[in-house]
Amino acid sequence: MRKVVACWHCVLQRDKCGPGDTCDRCLKRSQRPNAECGLGCSRVRLWELVSSFLPSIMTSMHENSQLTNFVALHIRQWSNVEVTLRLTCGQGLPYISCKVYEFAPKTQELLQQFQYTTDTRTGKCIRVQKSSPPLGMIQLNHKDEQRYDRYINDIVDNYLGPFAYACFAEEQNDFQRTLFLMMARLRPKADDEVKLLKEVFRLIVVTYIMGHTLTIQEETKEQSLRQLRSYIPGVYASFCSPRMTNRQLKYFFCRLHQTIMTNVLNKLQQIFKSSKGCDKWTSAFCAVLGLAMAHEDNQKTIHLVTQTKAASHEMSVQDAEAQSDATCEDIDGKFSFIMGIFRWKYNRGYNPLRDSEQDWMSKLKDPGAIQFAREVSILVRENILAADYLNRRQRIKICTANQTQYTSRLVAQFLLSFWLPS
Ligand SMILES: [Zn+2]
Ligand SMILES: [Zn+2]
């Protein structure tokens, strides 16, 4: 018989699994009352969920063929005017140096760009149309992917503070930023846990980059753009971005996004399957929390992608809304499954968040991790439990002038699950 992957229920119960759509043990369990854990009989490997978490609605435009078509459609000819741009993904964050060329456009498409900002007071998302300079890279070299990989590392190693500021600037309170900075202070001891935590931060950073426009560093903007043949003074406002270059860079970051997400899910799967007791609780917790942060951010991006398609008449407003809602629901569902595994594996025996007053030294074995769990516990009690989030399905509004759309609050859902009966 071909070896089958054990189902999650059997893995977590340390039972021997068997073949079939529903394994024998799950079948027996389903006949007992109250034995259902909500996971079903699923043999899915977590990395297989990447295609749901990073759905084609956001990735397909970054595929090689689509990019080539896009260039053919909108660029008539490349010139020999070479400019080196300094592009950044946020205030206080390092820049990427990029050698680009001016092109003669075939259409008006690449001379303009939609950018989105959120009004922090009202939570409303505002779409602004800006002039975009006709600049792009003539060739995309696969070796360059390493440069962008290093750029992500640079932010994770040296700029987590400013990054936390930029990443959560649109949030209406400090909750997520505080949580993020608590996680940034963790210093795991084991090498594999250090690596996983770093990968979690890399995931949050690359997700942020995918959701934001890379813009020309303000101090160098005029100096760079003045070299263009088509330059007209005063045309390019602040946070100016060459749309073509931005899209080409996203091609690389999109690939990195998929790789990093796969790494995190893979490692999480290993911890779920092979660690015993409370070992690696902190790492598993940070991985799931990091995924929740990344998914929330992705869901906003998914809405912006479909909104942009509607604004440029590629699809109707209704279709855009229906498509992004369905895609986000799918992410919710798949993430629920991962939260379910976490609860089933840990919460019945070990719950350092809810039971933060207990002595966890013999189980977590790391004073830093215990302190972290305690701080998170207080934060959750003060911010979420107190605010009665518990029975509401909290969603944030993303509004444009004529639309209202939602993404879920997955971070809050995950944190609240520690206080649900297990
Ligand atoms: Zn089974
Ligand atoms: Zn099963």
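Reading guide: rules and limits
- Residues numbered from 1 in each chain as written.
- Chains lettered and ligands numbered in written order.
- Predicted model: local features only at pLDDT ≥ 70, side-chain atom pairs only at ≥ 80, totals over all residues.
- Heavy atoms only, no water.
- pLDDT = per-residue confidence, 0-100.
- Contact = heavy atoms within 4.5 Å.
- Donors = N, O, S within 2.8 Å, 3.2 Å for Na, K, Ca; no water.
- Tetrahedral: all angles 85-135°; square planar, octahedral: opposite > 155°, others 65-115°.
- Buried < 20%, exposed > 50% of the residue type's maximum accessible area, 1.4 Å probe, protein only.
- Pairing = 2+ DSSP bridges.
- Helix = DSSP H or I, 4+ residues; strand = E, 2+ residues; numbered from the N terminus.
- Phe/Tyr/Trp six-rings, centres within 6.5 Å; stacked < 30°, edge-to-face > 60°.
- Lys NZ or Arg CZ within 6 Å of the ring centre and 35° of its normal.
- Expected span 1.5 Å × (residues − 1).
- Axes fitted to C-alpha atoms, helices over the stretch in contact; angles between N-to-C directions.
- Domains from an automatic or database assignment.
- Buried area = accessible area lost by both parts, 1.4 Å probe.
- Salt bridge = Lys/Arg side-chain N within 4 Å of Asp/Glu carboxyl O.
- Polar contact = N/O pair within 3.5 Å; in protein donor to acceptor, adjacent residues only side chain to side chain.

## With respect to the confidence of the model for the protein
In the predicted model, the protein carries a mean pLDDT of 89, and the fraction of residues at 70 or more is 92%. In this model, residues 389-407 is a region of pLDDT below 50 whose contacts with residues beyond four sequence positions or in other chains number 56 contacts.

## So, the coordination of the zinc ion (ligand 1)
Protein-derived coordination of the zinc ion (ligand 1) comes from C7 (SG), C10 (SG), C17 (SG) and C23 (SG), at a distance range of 2.2 to 2.4 Å. Metal-centred angles of 101 to 117° between the four donor atoms at the zinc ion (ligand 1) mark the site as tetrahedral. Motif for the zinc ion (ligand 1), donor spacing along one chain: C-x2-C-x6-C-x5-C. Metal-to-metal, the separation of the zinc ion (ligand 1) and the zinc ion (ligand 2) is 2.9 Å; C7 coordinates the two. Grouping residues by exposure puts C7 and C10 together as buried.

## Focus: the pairing of strand β2 (residues 95-105)
In this structure, strand β1 (residues 75-88) lies alongside β2, joined through 10 bridges in antiparallel fashion. In the sheet register, T84 faces β2, and the bridge partner there is K99. Linking β1 to β2, which pair antiparallel, is a turn of six residues; within it G92 sits at a positive phi near 80°.

## Quick word on the packing of aromatic side chains
Two descriptors summarise a pair of aromatic rings, namely the distance from one centre to the other and the angle between the planes of the rings. Applying the stated criterion across every chain, the model contains 21 aromatic pairs. On the basis of an interplanar angle of 75° and a centroid distance of 6.4 Å, the ring pair of W281 and F418 is categorised as edge-to-face. A residue pair is termed long-range when its members are at least 10 positions apart, and W281 in helix α12 (residues 281-311) and F418 in the segment after α16 (410-416) qualify at 137 residues. Of the two residues, W281 and F418, neither departs from the other in class, the shared state being buried. The interplanar angle of 65° and the centroid separation of 5.6 Å between the aromatic rings of F342 and F418 together place this pair among those described as edge-to-face. Of this pair, F342 sits in helix α13 (residues 317-347) while F418 sits in the segment after α16; the two residues are 76 residues apart in sequence, bridging distant segments of the chain. The two residues F342 and F418 agree in class, both being buried. Ring-pair connections join several aromatic residues into one group, and the members of that group are W8, F272, W281, F285, F342, Y346, F372, F414 and F418. The ring of W344 is capped by R348, whose NZ or CZ atom sits 4.1 Å from the centre of that ring.

## Looking at helix α9 (residues 191-211)
Counting along an α-helix, one turn takes 3.6 residues, and residues three or four places apart therefore face a common direction. For α9, with 21 residues, the first-to-last C-alpha span of 30 Å sits near the 30 Å given by 1.5 Å per residue. Among the 21 residues of α9, 15 are classified as buried, and the element is accordingly described as predominantly covered.

## Comments concerning the sheet that holds β2
The four strands are arranged β5-β2-β1-β6 in an open sheet whose pairing can be described as antiparallel. Of all the strands in the sheet, just β5 (135-136) and β6 (215-216) have a single pairing partner and so form its edges. Sitting on the sheet, helix α6 (residues 144-158) touches β1 and β2, and the angle it makes with β2 is about 135°.

## Points about the coordination of the zinc ion (ligand 2)
Looking at the zinc ion (ligand 2), one finds its protein donor set to be C7 (SG), C23 (SG), C26 (SG) and C41 (SG), positioned 2.2 to 2.4 Å from the metal centre. Taken together, the four donor atoms coordinating the zinc ion (ligand 2) and their angles of 102 to 115° define a geometry best described as tetrahedral. Here the donor residues for the zinc ion (ligand 2) map to a single chain with the spacing C-x15-C-x2-C-x14-C.

## Overview of the environment of R229
With respect to the helices and strands, R229 occurs in the loop between α10 (218-225) and α11 (243-274). Through-space distance from the C-alpha of R229 to that of P33 is 75 Å; in sequence the pair is 196 residues apart. Residue contacts for R229: discarding those within four places in its chain leaves S79, N80, V81 and E102.

## Some thoughts on the domain arrangement of the protein
How large an interface is tends to be reported as the accessible area lost when its parts come together. For the protein, the assigned domains are domain 1 (8-43) and domain 2 (51-419). Facing nine residues of domain 1, the contacting portion of domain 2 comprises 12 residues. A combined buried area of about 960 Å² lies between domain 1 and domain 2, and 72% of that area is made up of carbon and sulfur atoms. For the interface between domain 1 and domain 2, the tally reads zero salt bridges. Between the two partners, domain 1 and domain 2, sit one residue pair in polar contact (both at pLDDT 80 or more).

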